[in-house]
Amino acid sequence: MAGWRGAAGQVRWWAGLCLMVAVWTASAGAPPAERLKLPPGFRIEVLTDQVPGARGLALGDFADGKGVVYVGSRSEGKVYGVEVDGARVSRVHVLASGLEQPVGVAYRGGALFVSAVSRILALDDVARRLADPPAPRVVTGRFPTERHHGWKFIAFGPDGWLYVPVGAPCNICEPDPERYANIQRMRPDGSGVEVVARGVRNTVGFDWHPVDGRLWFTDNGRDMLGDDLPSDELNRVARPGDHFGYPYCHQGDLPDPDFGRRQRCEAFVPPVARLGAHVAALGMRFYTGSMFPAAYRNNVFIAEHGSWNRSRKSGYRVMRVEVDAAGRQAQQTVFVDGWLQVDALGRERVLGRPADVLVMPDGALLISDDLAGVIYRVSYGG
């Protein structure tokens, strides 16, 4: 498929994506956990099915196995607080509603920070007010208003700053590099905004390596270059301001047919790993728990949301990537599979779309599924 050019093409592309998502949402239901496949010794179960459109996950305060997991969504603009007691949920609270695509959530010092396209909001003292949540306070409204790649995963870094990505407002274009296609960071009060990574088409997941504290992130490749190009990426920021290629170069070595003549691929930072074309790699975390076998320590778990316009679907799984701190090696294996079912006649049925992952204090791994409105819990029993 050739790349679409011009504003009309971008509108048609976006309309098609919205239609496909609407069809999937209307037709799919939560799969029985036993239909999902994991390595031997692992178990997956539904933690809660009361979080429609569940996307970004953030860990709140925990003590003695009890605490709150905060959940962003793209369903009715809602944000949730899920009270967890070990492997059970005692209550699900709606903390806010009617927000603009509040996908991203980040917790710090009793306050919940929420992304809402052009704004970052805060629910102050939310940890003590789950049953009577405060009205969202505007931290900043400085981000672009475009909804195309406008939803944002957010997280606090080890430096105490809030990291906020701004996607490209298009499938492929050459936007203002100070405002779009980058990852920015700011102080918790919204001041001191600066760009830390450039040439990032659309990241919806990032984390910091437990050994050296470097920022790693997933990035979604452009569409309309066919079924097998380009690959989504797993990237590592070695120096502030590193450029990862968009829109000139994809997957480290593929010049863009529209913009590739303007800069060579050698000018940009190549990915640590190619994750596959159109898999829609979203949430990612380093595994820092102690429940899983030692071989999983500091591995990356990536939620692949799944393709929307590939002739044969790809993704719809959680991947495990074994890496070293410098990003010199990356071995990929499937960790959880089964949300994409294919029958004997080759017919495909989507049962869920993983969106984010989160390591719990007890070492279990949570997985959000925005299609089924479910959060899964993966544990290991040997």
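So, here's what we can say about the structure. (Residues numbered from 1 in each chain as written. Predicted model: local features only at pLDDT ≥ 70, side-chain atom pairs only at ≥ 80, totals over all residues. Heavy atoms only, no water.)

This model, assessed by the stated rule, comprises 29 salt bridges. As a salt-bridge pair, Glu-45 and Arg-43 come within 3.5 Å of each other at their nearest N and O atoms. On the basis of relative accessibility, which here comes to 19%, the residue Glu-45 falls in the buried class. When its relative accessible area of 53% is taken as the criterion, Arg-43 is described as exposed. Salt-bridge contacts for Asp-228 lead to Arg-310; the nearest nitrogen and oxygen are separated by 2.7 Å. Here Asp-228, found in the loop between β15 (215-219) and β16 (231-236), pairs with Arg-310, found in the loop between β22 (300-304) and β23 (317-323); they are 82 residues apart in sequence, far enough to count as distant. (Salt bridge = Lys/Arg side-chain N within 4 Å of Asp/Glu carboxyl O. Buried < 20%, exposed > 50% of the residue type's maximum accessible area, 1.4 Å probe, protein only. Helix = DSSP H or I, 4+ residues; strand = E, 2+ residues; numbered from the N terminus.)

Among the five residues that make up β22, five are buried, leaving the element largely enclosed by the rest of the structure. Residues of β22 alternate between two faces, with Val-300, Ile-302 and Glu-304 on one and Phe-301 and Ala-303 on the opposite face, all of them buried. Across four bridges, the pairing between strand β21 (residues 281-286) and β22 is antiparallel. For Ala-281, the partnering residue across the bridge sits in β22 and is Glu-304. In terms of strand pairing, β22 meets β23 through five bridges, oriented antiparallel. Paired with Glu-304 across the two strands is Arg-317, which belongs to β23. (Pairing = 2+ DSSP bridges.)

Spatial ordering of the open sheet is given by β14-β15-β16-β20, a layout of four strands whose pairing is antiparallel. Edge strands, defined here as strands with exactly one partner in the open sheet, are β14 (206-208) and β20 (273-277). Direction aside, neighbouring strands of the sheet carry axes that sit 15° apart on average. The pairing of β14 with β15 spans three bridges and is classified as antiparallel. Opposite Phe-206, over in β15, you have Phe-217 as the bridge partner. (Axes fitted to C-alpha atoms, helices over the stretch in contact; angles between N-to-C directions.)

Attention now goes to the nonpolar core. Nonpolar side chains tend to gather and get buried jointly when the protein is soluble and globular. With 24 residues, the main nonpolar core has Phe-292, Phe-301, Phe-335, Leu-365 and Ile-367 as its most contacted residues. Looking at this core, the elements with two or more residues in it are β1 (42-48), β22, β24 (330-336), β27 (354-359), β28 (365-369) and β29 (374-380). It is β29 that contributes the most residues to this core, three residues altogether. If near-sequence neighbours (up to four positions away) are discounted, Ile-367 is found in contact with Ile-44, Val-318, Val-336, Trp-339, Pro-354, Asp-356, Val-357, Val-374, Ile-375, Tyr-376 and Val-378. In terms of nonpolar packing, the next biggest core, distinct from the first, is built from 19 residues, Val-103, Trp-151, Tyr-163 and Phe-217 among them. (Core = buried A, V, L, I, M, F, W, Y, C linked by side-chain atoms within 4.5 Å. Contact = heavy atoms within 4.5 Å.)

So, about unusual backbone geometry. Put simply, Leu-229 and Pro-230 share a cis peptide bond, and its omega is -15°. The amide bond that connects Tyr-246 to the next residue, Pro-247, takes the cis arrangement and shows omega of 0°. Of note, Pro-247 is situated in the loop between β17 (242-243) and β18 (249-250). Phi is positive for Met-224, which is not a glycine, with a value near 70°. With respect to the helices and strands, Met-224 occurs in the loop between β15 and β16.

This brings us to the side chain of His-305. Following the sequence through the fold, His-305 ends up in the loop between β22 and β23. Beyond its immediate chain neighbours, meaning those up to four positions away, His-305 contacts Arg-55, Val-279, Ala-280, Leu-282, Tyr-316, Arg-353, Pro-354, Ala-355 and Asp-370.

Another aspect to go through is the environment of Asp-242. For Asp-242, the location among the structural elements is in strand β17. With a relative accessible area of 7%, Asp-242 lands in the buried category. Beyond its immediate chain neighbours, meaning those up to four positions away, Asp-242 contacts Val-196, Ala-197, Arg-198, Arg-236, Val-237 and Val-269. From its side chain, Asp-242 meets the backbone nitrogen of Arg-239 in a polar contact 3.1 Å long. (Polar contact = N/O pair within 3.5 Å; in protein donor to acceptor, adjacent residues only side chain to side chain.)

Moving on to the pairing of strand β7 (residues 111-116). β7 sits mainly inside the fold: six of its six residues count as buried. Side chains Ala-111, Phe-113 and Ser-115 of β7 all project onto a buried face; the interleaved residues Leu-112, Val-114 and Ala-116 project onto the opposite face, where all are buried too. Hairpin connection from strand β6 (residues 105-108) to β7: two residues lie between these consecutive antiparallel strands, with Gly-109 at a positive phi of about 60°. Two elements, β7 and strand β8 (residues 119-123), share five bridges in a ladder whose sense is antiparallel. By the bridge assignment for β8, Leu-112 is matched with Leu-123. Counted between consecutive antiparallel strands, the loop separating β7 from β8 contains two residues, among which Val-117 sits at a positive phi close to 60°.

Take it as geometry only, folks, not as evidence of what the structure does.
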